[in-house]
Amino acid sequence: MPLTNRLYFAQVASSVWADWIQIINVSGENAKIQAIARDWNANILWSSERMSSPFQGWVIPVEPASVTQNLSLVVLSDKAIVGERHCHNGTEVLAFPGASPELGTAGCRLFFPELVAECGDWFIVFNITNIESQVNAIVRDVNGAVVKQFGTRLKGMGGWVFSDVETGRVSGTVEVVSEQMIVAERHLHYQGTFHPNGVALGQLGQVIDIEPVIPPPFTFPMPLGR
Amino acid sequence: MAVAKKIYFPQIAAGGWEDWVRVVNINTQPANVQAIARLDTGQIVWQTSITLQPFQTWVVPVDPAYPQANVSLTVISTLPIVGERHCHAGTEVLAFPGASPEMKTAGTRLIFPETVYGCHDNFRFLNITDYFAFVTVISRDINGFTVRRFTGQVAPWGFWIFTDVEIGNVQGTLEVFSTQPVVGERHLHYGNGVAVGQLGQILS
């Protein structure tokens, strides 16, 4: 059953990027919704909540909190919700649905079917559990040969960013394997001979866990002590 | 089990759009992969196949294969695969993962969390079954009030397209019920060289 009452956004962008995140209560009853923004060290920096009528939209007013630093955003509800994020800068737009275990967009093994050598590739990984996780990335070329492997220890509810510097400007694919459940975003910024500037696209990592992964427990509303 | 052996793309675009579809064999064994393009009626107009080595990628050569009309693309493999589509025109790019029931991106109840008044919204639904699908569409405003409701019929393996004209050019959301599993795409065109593609989120 894909309905979920928690959504994860690995990034709310800082600086010149304008973020828009809308949440919809998809139940037939009023929903109490809580939004929590953290820095990538998992410190809660902002939170808000409100009641939403059935199928009413809420544009989360998180952006003033992300002026100087990138944040993550967790949205919890006592009823089923869906969400969407658009991150704008000129003609570049990074668009993502809100991710969750129930929607099949959070897992322990994520795959990105493309990596472009001459463009700017960025990856953001968000640990959606409270437990520290070993996270490893495997970069392959288009023929499937492993080109690079690297990893990190990622704090519970923390974020990790890597880019072309780490992946090695390869045309190929990226796989991310984690001990704990994660969501991950790819930001592809076009540049180079065959890719016009001013174009970007966002993608969630595709979950390729073979065995079902048990979603992490959560409480609603989330205590804001950390 | 999230991995799928069949993935679906409701559109390979005709006209001034350039489509790029990549499929990856995510197994440790070679996979036989077949790609099939169909018209909105479900009629097959093109197909090809390949053997992919473990984690090898394949750019499906469907774009030049049938330029005279929009088609859908179904990719079938003997082992699990993932895929991705980018549809380009200038600075506009519509990007979609390959959809499937296993990835929770195909179903009988879909929602799009946004429609935009003043922009151009375009929706298409691919029936991924051998049966006719009867589809009901509900367009709501941002406060959840129903603005429009209409129905359509999609042939087996066919697709159905509608736009702002049908949904009432409303700032709100779109929900779709279908008697058979479908995959839904939204194309949001800002009108200034910016576009966003989204798959319908499954509520069934």
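Residues numbered from 1 in each chain as written. Chains lettered and ligands numbered in written order. Predicted model: local features only at pLDDT ≥ 70, side-chain atom pairs only at ≥ 80, totals over all residues.

Q: Is there a simple way to think about the overall build of chain A in this case?
A: A tally of regular secondary structure across chain A gives one helix and 16 strands. Taking 2.2 N^0.38 as the reference for a compact globule, 226 residues should give roughly 17 Å; the C-alpha atoms of chain A span a radius of gyration of 17 Å, in line with that estimate. Seen along its three principal axes, the alpha-carbon backbone of chain A occupies a region of about 50 × 40 × 30 Å. Across the 226 residues of chain A, 49% fall into the buried class. In chain A, 76% of the contacts between residues at least 6 apart in sequence involve partners at least 24 apart. (Helix = DSSP H or I, 4+ residues; strand = E, 2+ residues; numbered from the N terminus. Rg over C-alpha atoms; globule rule 2.2 N^0.38 Å. Buried ≥ 20, exposed ≤ 12 C-beta atoms within 10 Å, placed from the backbone. Contact = placed C-beta atoms within 7 Å.)

Q: Just to check I follow, could you spell out the sheet that holds strand E4 (residues 44–52) of chain A for this structure?
A: Note: strands within a sheet are paired through backbone hydrogen bonds, in either parallel or antiparallel orientation. All names here are of chain A. Strand order in the open sheet formed by four strands is E1-E6-E3-E4, and the pairing between neighbours is antiparallel. Two strands lie at the open edges of the sheet, namely strand E1 (6–12) and E4, each paired on one side alone. When the angles between neighbouring strand axes are averaged without regard to direction, this sheet yields 15°. Where E1 lies against strand E6 (residues 71–77), five bridges are found, and the strand directions are antiparallel. In the strand pairing of E6, Tyr8 is matched with Val74. (Pairing = 2+ DSSP bridges. Axes fitted to C-alpha atoms, helices over the stretch in contact; angles between N-to-C directions.)

Q: Hey, could you run me through the pairing of strand E12 (residues 146–154) of chain A in this one?
A: Successive side chains on a regular strand alternate, one facing one side of the sheet and the next facing the other. All names here are of chain A. In the sheet, strand E11 (residues 133–141) pairs with E12 via eight bridges, with the strands oriented antiparallel. Paired with Ala137 across the two strands is Phe150, which belongs to E12. Where E11 folds back on E12, the antiparallel hairpin that results is connected by four residues, among which Gly144 adopts a positive phi of roughly 95°.

Q: Help me understand the confidence of the model for chain B, please; the structure alone is not making it clear to me.
A: Reading predicted coordinates in detail is not appropriate for stretches of low pLDDT. Residues of chain B with pLDDT of at least 70 account for 100%, and the chain-wide mean is 96. Here the predicted complex scores 0.96 on pTM and 0.95 on ipTM. (pLDDT = per-residue confidence, 0-100.)

Q: Got a minute to help me understand unusual backbone geometry in this structure?
A: The bulk of non-glycine residues show a negative phi, and the bulk of peptide bonds are trans. In the segment running from Phe220 of chain A into Pro221 of chain A, the intervening peptide bond is cis, with an omega of -5°. Its place among the elements puts Pro221 of chain A in the segment after strand E16 (206–207). Positive phi, close to 50°, is recorded for Arg169 of chain A, a residue that is not glycine. Following the sequence through the fold, Arg169 of chain A ends up in the loop between helix H1 (164–167) and strand E14 (172–189). Positive phi, normally seen in glycine, also occurs at Asn169 of chain B, with a value near 45°. The residue Asn169 of chain B is located in the loop between helix H1 (164–167) and strand E13 (172–189) in this model.

Q: Whenever I open this one, the sheet that holds strand E2 (residues 18–25) of chain A confuses me. Can you help?
A: All names here are of chain A. On the basis of which strands lie adjacent, the open sheet formed by four strands has the order E5-E2-E7-E8 and antiparallel pairing. Two strands lie at the open edges of the sheet, namely strand E5 (57–59) and strand E8 (92–97), each paired on one side alone. In this sheet, neighbouring strand axes are inclined to one another by 15° on average, regardless of whether the strands run parallel or antiparallel. In this structure, strand E7 (residues 81–89) lies alongside E8, joined through six bridges in antiparallel fashion. Looking at the pairing, His88 lines up with Val93 of E8.

Q: Would you take a moment to explain the domain arrangement of chain B for this structure?
A: Often the size quoted for an interface is simply the accessible area lost on bringing the parts together. Residue and element names in this part refer to chain B. Split by domain assignment, chain B resolves into domain 1 (4–97) and domain 2 (107–202). Each of domain 1 and domain 2 has a C-alpha centre, and these two points are 22 Å apart. Contact with domain 1, which involves 15 residues of that partner, is made by 18 residues of domain 2. Here the element with the most residues in the side of domain 1 that touches domain 2 is strand E7 (residues 92–97); it accounts for five residues. When grouped by side-chain class, the residues that make up the side of domain 1 that touches domain 2 number six nonpolar, six polar and three charged. (Domains from an automatic or database assignment. Nonpolar A, V, L, I, M, F, W, Y, C, P; charged D, E, K, R; others polar.)

Q: For this particular structure, what's the right way to read the environment of Gln201 of chain B?
A: Relative to the helices and strands, Gln201 of chain B is located in strand E15 (residues 201–202). Gln201 of chain B gets classed as buried once you count the C-beta atoms within 10 Å, which come to 26. Separated by 197 residues in the primary sequence, Gln201 of chain B and Ala4 of chain B place their C-alpha atoms 17 Å from one another. Setting aside its immediate chain neighbours within four residues, Gln201 of chain B contacts Val82, Pro97 and Leu103 of chain A together with Leu110 and Ile111 of chain B.

Q: Got a minute to help me understand the interface of chain B and chain A in this structure?
A: Taken together, the 37 residues of chain B in the interface contact 40 residues of chain A. Elements with a minimum of two residues in the side of chain B that touches chain A: strand E2 (18–25), strand E6 (71–89), E7, strand E8 (107–115), strand E14 (195–199) and E15 of chain B. Ranked by the residues each element gives to the side of chain B that touches chain A, the list is headed by E6 of chain B, at four residues.

Q: Honestly, the domain arrangement of chain A in this entry has me stumped. Any pointers?
A: Residues and elements named next belong to chain A. Taken domain by domain, chain A comprises domain 1 (6–97) and domain 2 (108–207). Using C-alpha coordinates to define each centre, domain 1 is positioned 22 Å away from domain 2. Taken together, the contact pairs 15 residues of domain 1 with 20 residues of domain 2. Mapped onto the side of domain 1 that touches domain 2, the elements with two or more residues apiece are E1 and E8. With five residues, the single largest contributor to the side of domain 1 that touches domain 2 is E8. For the side of domain 1 that touches domain 2, the per-class residue count stands at eight nonpolar, five polar and two charged.

Q: Would you take a moment to explain the nonpolar core for this structure?
A: One recurring pattern in soluble globular proteins: nonpolar side chains tend to sit buried together. Judged by nonpolar contacts, the single largest core of 120 residues is most densely connected at Tyr8, Leu73, Val125, Ile182, Val183 and Ala184 of chain A together with Leu73 of chain B. Per element, the largest residue contribution to this core is seven residues, and it comes from E14 of chain A. Those residues within four positions of Ala184 of chain A in sequence are excluded, and the remaining contacts are Ala10, Leu110, Phe123, Ile124, Val125, Val176, Leu204 and Gly205 of chain A. (Core = buried A, V, L, I, M, F, W, Y, C linked by C-beta atoms within 7 Å.)

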